[in-house]
Structure formats: C-alpha cells, structure tokens
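Commentary on secondary and tertiary structure
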Amino acid sequence: MTDAHALHPRLEEALQMGRIAIESTEPVVENGRFAAKAIIGQPVTVTSRIFADGHDQLAASVCWRARGEESWRRARLKLLGNDHWSGQFTPTQVAAHEFRIEAWWDVFESYRYELSKKHAAGVPIGVELEEGRLHLQRAAERAQGETRAMLDDLLHRLQMAHLEDERVSLLLAQETAAVMADADPREHCSHSPIFALEVERTRAQFASWYELFPRSETDDPNRHGTLRDVIKRLPAIRDMGFDVLYFPPIHPIGRSFRKGPNNSLEAGPNDPGSPYAIGSEDGGHDAIHPQLGTHEDFRALVAAAAEHGLEIALDFAIQCSQDHPWLKEHPGWFSWRPDGTIKYAENPPKKYQDIVNVDFYAEDAMPDLWLALRDVVWHWVEQGVKIFRVDNPHTKPLPFWEWLIADIRERDADVMFLSEAFTRPAMMARLGKVGFSQSYTYFTWRNSKAELSEYFSELNEAPLRDCYRPNFFVNTPDINPFFLQDSGRAGFLIRAALATMGSGLWGMYSGFELCEAAAIPGKEEYLDSEKYQIRPRDYHAPGNIVAEIAQLNRIRRQNPALQTHLGFQPYLAWNDNIFYFGKRTEDRSNFILVAISLDPHHPQEAHFELPLWELGLRDDAHTQGEDLMNGHRWTWYGKTQWMHIDPAHLPFGIWRLTAAPVDPDLK
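Residues numbered from 1 in each chain as written. Predicted model: local features only at pLDDT ≥ 70, side-chain atom pairs only at ≥ 80, totals over all residues. Heavy atoms only, no water.

Applied cut-off: UniProt positions are given in the numbering used here, feature names are shortened, and annotations may be inferred rather than shown by experiment.
The protein is annotated in an unreviewed UniProt entry as Alpha-1,4-glucan:maltose-1-phosphate maltosyltransferase of Stutzerimonas degradans. In its Catalytic activity (unreviewed entry) section, UniProt records this for the protein: "alpha-maltose 1-phosphate + [(1->4)-alpha-D-glucosyl](n) = [(1->4)-alpha-D-glucosyl](n+2) + phosphate". UniProt's Subunit (unreviewed entry) comment on the protein is quoted here verbatim: "Homodimer."

Structural notes on unusual backbone geometry
Stated precisely, the cut-off is as follows: Strands are runs of DSSP state E lasting at least two residues, helices are runs of H or I lasting at least four, and both sets are numbered from the N terminus onward. The rule is simple: take the accessible area with a 1.4 Å probe, protein chains only, and divide by the maximum for that residue type; under 20% is buried, over 50% is exposed, in between is partly exposed.
With an omega of 5°, the peptide bond between Glu 26 and Pro 27 qualifies as cis. Mapped onto the elements of the fold, Pro 27 is located in the loop between β1 (20-26) and β2 (36-39). Although it is not a glycine, Ser 24 adopts a positive phi angle of roughly 50°. Assessed through its relative accessible area of 48%, Ser 24 is described here as partly exposed. Positive phi, close to 65°, is recorded for Arg 588, a residue that is not glycine. Tracing the sequence through the fold places Arg 588 in the loop between β22 (578-584) and β23 (591-597).

Brief notes about the pairing of strand β26 (residues 633-637)
For the record, the criterion: When DSSP finds two or more bridges between a pair of strands, those strands are recorded as paired.
As paired elements, strand β25 (residues 622-627) and β26 share five bridges and run antiparallel to each other. Opposite Thr 623, over in β26, you have Trp 636 as the bridge partner. Taking the residues that link successive antiparallel strands as the turn, the β25-β26 hairpin has five residues, and the phi of Gly 631 there is positive, at about 85°.

As for the pattern of salt bridges
Our working rule: What makes a salt bridge here is a side-chain nitrogen of Lys or Arg within 4 Å of a carboxyl oxygen of Asp or Glu, nothing more.
Applying the stated criterion across every chain yields a total of 46 salt bridges. Across the pair Lys 118 and Glu 128 runs a salt bridge whose closest N-O atoms are separated by 2.8 Å. Of this pair, Lys 118 sits in helix α2 (residues 107-121) while Glu 128 sits in helix α3 (residues 126-142); the two residues are 10 residues apart in sequence, bridging distant segments of the chain. Judged by its relative accessible area of 14%, Glu 128 falls in the buried class. When the shortest N-O distance is used, the salt bridge between Arg 157 and Glu 175 registers 3.3 Å. Residue Arg 157 is found in helix α4 (residues 145-160), and its partner Glu 175 is found in helix α6 (residues 174-182); the two are separated by 18 residues along the sequence. Within this structure, Glu 198, Glu 200, Arg 409 and Arg 469 form a network of salt bridges that share partners.

Brief notes about the UniProt feature "binding site: alpha-maltose 1-phosphate" (unreviewed entry) in the protein
Let me state the cut-off plainly: Any two residues having at least one pair of non-hydrogen atoms within 4.5 Å are treated as being in contact.
As recorded in UniProt, the feature "binding site: alpha-maltose 1-phosphate" (unreviewed entry) lies at Lys 259, Gln 319, Asp 354, Asn 392, Lys 531 and Tyr 532. With respect to the helices, strands and loops of the structure, Gln 319 is situated in the loop between β13 (311-316) and α9 (325-329). For Gln 319, a relative accessible area of 7% translates into the label buried. Apart from residues lying up to four places away in sequence, Gln 319 is in contact with Tyr 276, Ile 278, His 285, Ile 355, Val 356, Asn 357 and Asp 391. Note on placement: Asp 354 falls in strand β15 (residues 350-356). Excluding residues that lie within four positions of it along the chain, Asp 354 makes contacts with Ser 256, Phe 257, Lys 259, Ser 274, Ala 277, Cys 320, Ser 321 and Gln 322.

Re the sheet that holds strand β6 (residues 78-81)
Using the following cut-off: As a rule, the C-alpha atoms of each element are fitted with a line to give its axis, helices using only the stretch in contact, and angles between N-to-C directions run from 0 to 180 degrees.
The sheet built from four strands is open, its strands ordered β1-β3-β7-β6 with antiparallel pairing. On the outer flanks of this sheet lie β1 and β6, each paired with one strand and no other. On average, each strand axis in the sheet is inclined to that of its neighbour by 35°, with strand direction left out of account. Relative to strand β3 (residues 44-52), β1 runs antiparallel, the two sharing five bridges. From the neighbouring strand, Ile 22 faces β3, where its bridge partner is Ile 50.

Details of the nonpolar core
Note the cut-off: Take the buried residues of types Ala, Val, Leu, Ile, Met, Phe, Trp, Tyr and Cys, join any two whose side-chain atoms come within 4.5 Å, and each joined set is a nonpolar core.
The biggest cluster of nonpolar side chains holds 131 residues, and the ones touching the most others in it are Ile 50, Phe 298, Phe 388, Trp 401 and Phe 417. Here the element with the most residues in this core is helix α10 (residues 368-382); it accounts for nine residues. Those residues in contact with Phe 388, other than ones at most four positions away along the chain, are Leu 314, Phe 316, Val 377, Trp 380, Val 381, Val 415, Met 416, Phe 417 and Leu 418. In this structure, Ala 204, Tyr 246, Phe 473 and Leu 505 belong to the second largest nonpolar core, which totals 20 residues.

Comments concerning helix α12 (residues 425-434)
Of all 10 residues that make up α12, seven are buried, and the element is covered over most of its length. For α12, the full list of buried residues reads Met 427, Met 428, Ala 429, Leu 431, Gly 432, Lys 433 and Val 434. The elements touched by buried residues of α12 are β2, α11 (398-411), β17 (416-420) and α14 (464-467).

What follows is the structure, encoded as structure tokens:
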C-alpha cells in the first residue's frame, strides 16, 4: 500500500506549478543557452504558444530589461489563433538584455466573452450585469491614479444607465476593456524562463567592408606604404560607399622562415613577408610594423577615417612568427616537438614554417595566455578600434571565445567581432552563438540559382536567423573564386549585386573593383598574392566597376529592406540562369525586386511574376517600378512580366515596387 506521506513533496511541487503552458518561444537560441541577436532601435518580434485548461480567455505580455536592471518593461502579446501569440518590443540601448513571457487568466475578458454570447442569444443577463459591476468595483478598489479615476467614471456611467443595452454596450466597450487590462490582477500568472538577447549597434547588421593592405598604398613596389598613405585613400573608399575599412595584421613581421612571392619558401632581403607571421624584435600583437608607422600615426588614421564616416577594423590573428617575443618570454604557451624544435603550422601539403600556434590548454597557458590575448584586444580598443575580424576562430577553443567576447563587451558594448571561419556548418553557427556579431559564409561558393535560393532561405530561417549574421565577402586575399577567374567584368558585377542585395553585410578585398582575376592555375588563389608582396594599383584603370559599386552601396543606404539579410523571398522567373527575388520590410513599405543573370557571357530573358499578392493586390492590378540603378520609372500592368538582361550592359536589375495610385476617374 502506498504511503500517503510520500506523495506530499510531489504534490507540493504540483501545487506550485503554473497552470498556463508557455512553449516554443522565439527568438531563443539553444533553449536559452545563448543569446539571440538584436539591433538597437529595431523591433524584436516575440512569438510563443500559450494555452491552459478550460475555455477561459488568456492574456500575455513580453517582459524585457537590460541585464542588471531590476524592473521589467512590458508589451502585450496578441493572439494570432490556434494558441499562437505574438508581440514586439524595441530595445533602446546597446547592451545585453533579457526577456520572458508572462501569461495569466484574463478574468474580465472571459466575462466580456460570455456576456456578449448571452446577450446575442437573448437570454436573461441581469445577474451578469451585476457581475460586471462588481468586476469594475473590485478593479477600482485596487487601482490608483488615472486608472482609478477612469474606473470610477465607468462605475458612475454604469449606475446612470437605465437601459439594459446601454449597460451592455458600456461593459463590452473597448475603452472598458483597456482600463480593466491596466487594473488586471493577473490571476494564475505563469512565467517562461528568462531568455538572453544581445542588442548591438546598427553596424553589426548593416555595413559595407573594404579590405586593403596598408603597405600597398604606394606608387612604387619598392617603397613600403604607410598608415599615413592610407589617409590619402579615405575619400575614394568613402565615395564608393564603404563604412568599414579593414586591415590584415599591421604588426611587426618575423624574419625567420619568411615567405617570398607566391608563398615560396625562400625570401629575398627586401621581401616584406606575410603579415600573418606576427611578431619580431620590434614587438608582438600590440605593436605596429615599423615601416607602417607608429601608434600616433594609427590614431591619426582612426580619427581621419571617422571624419569620412569610416570605421577601422583590425585583424585579430592568434598566431606568431618564430621571432615573436612570447616565444622567449612564455615558451610554455607553445607546443614543442620531442627534438626540442617548435611545432609550426601545417595544412598539408602546405607548410607554414613562418607561423607557430599557441596552446590554449598548456599548463603554463591557463589563464595567463587567455588574459594576454584579451589584453591585446583591449589595447586596440583603447586605440579607437571597435571592430575585429578574427582569423580562423574555429581552430581556437569555443570556451575561450565565449569568455573573451563577453569580457570585452562588458567593458565596451560597441565592440564587434567578425568570424572568418570557412568550416563545418555546426561550428560556423556555434561561433555566432558564442558571441561573434558577424560571420563569413558559404556565399562565395554558391553560384547556381538553386544554390543561392536555398542558402539565402536558410539564413532567413531559425536557428541561423537568430544567431548568425552573414557577411557576404565577394573575395579575400586567400580566396580568388573560380567564378571570377573567367567571367570578366560582368562576373564581378554579378557577384557584387548578389552580395549587396543579399545581405546587409558585405565586403570586398581591394582589386575587386578593378576586376583582378589572375590566378594560380587550378587553384582559388591569386597569382602574385598581396599576402607576400607589395601590390601598387591604379584604381582608375580602364574597365573598373567603381561607379557601379558606389551606386549599389547608395541603393542599400536608401532602402531599409536591403539593410539586413532578412526579408528575402525567391520569386518565379522562368529561366534557371536568372536569380529573381525580393527583399522587403516587414510592413512592405519598402519592397525591392532583384533580378540577376548568373550567366556573365550571354544575354538572358524570362517571364516573371510580380508578387502582387504580398501587397494585397489582384492579379490584374497596376504597379509602379523604378530602376534604382538609373532612376527610370514605369507602370507594370498585371502579374506576369518579361525581362531581358544583357551582361554586356548590366547583368542585373534592381527595382523598387510600389502600388500604383488609384485613378480617381476609375473609382
């Protein structure tokens, strides 16, 4: 026989449980283990499935606050149907936030529902009217201020109403429902767990990156460019529409095993070496290569860039040359072979004798190495840097990144990190979850219509939608995509259009605007790579696409729908060589249509559908189109249209779609 006393602890637990189920809340990452991403000043849409026993009406709110605040702010959720609720709140500061859902029995709304049904059915409602008066009276007794005054007024009006219909109308009025909601005692209130939300500044979601090697800002391959030389380039970079200027490592470069041109193992006395072989007798990660300049020069560059609306981003590469001061000062931070030689980096068949990696979990490295790397980042923050592109973060421990990013952002919430990880999907997503604001992507290798549509859609869906912001780099010093190697000027325009229209974040490495494509045969690598030599450029060379890039960036700034990777929707174009899609704001007030020919060599044409249904229009409606590349305007008639794209002219079209005004003569 069961001991009744043994049931008491379990019974006590059940008696304390909330009666209302709150499930499937979004945006939530890994059940709340990590923070979902948000942007200051942009609404956060929260959804949840909420239900309970019985048929009484429920009410729900989303509660939010910056982490560390005591009080919650609230916004009511709306029932969409079938137990699905939705609402929004807008964070107003860059900081770590948290939110939760609360739900309760809406006693007065349940009463209103029953009253309306009985009144419509014509059954006697004398008792129900008295019940309504008591609801108002009890609410008035617990209310204060303006709410109390409004309830007292409602009670007075209810008392003065002699006709039954007048009293029913008053009790069912939206005005009455609103003031009763303010005074609601929230009976049987249940709460969801508290979920994390990381609110960042706008540039975490919308930015155009331009990458260059400062040492190549020279007109003579025998003269090393300087940070002061970069200042001269700022107006041109600004005029192309970029707002982030990113440098590969600017630190001293080691001489031991220095690489020569095209990654050769032998370097001449004047070869500059790879900037990723960080560290020499001139210093390590907190120093500047002497030929580039000084910290004073760097701060002057940061200030000059800011005057042009540009923000400097630095590379954070956790690797050392064999001349890095840390090898002598902290040998226990590195891995050594049994013969006493240091273990250098390898990616067979490639060997990187000029680079050695730290050992994060070496006995002597914990926690000193971790703290030293954190201090490197903070050193550059103090020099005015708030954006870091992190080299190969997937080869470093995830716990390290989760700690370092949180530590830095607690000191300065404006700091952002871009993950340069081309690896397995789960690892790329996890880096976004542990705190990276932006991420390199597989975009570089998505070329067909099916590949692009599938990938863009995936980035718009959970879980990536809430934890991963894609930065569509079209090329990098390490990656010269096969598509660009033989597609000519049109191919560069195609990739620029895909990147700028596909995501709020995109980037290009200098030389892209000149359509540089020379490659090592059979490899996605640049011939005469700038990683190993100085590369002066004529940025006005014939065939450049500077004007087109500037216009694409201008279009992005003028259209909110293009300032995020979200809002993507593929549409029908009856040609597999034309990638046709829409980017639109949630309220459809900004609706952009993009058609890009994926064939850089031949003209393409297709019939296509205008998404009139998304604007609530009939299939025969009139709409207006505007070509955002040239300003031409026209009227479309009906849903099915036709396009012709010639890569010799421009391999894409970008159109703003709006509903045509109604002709008053046709009303």
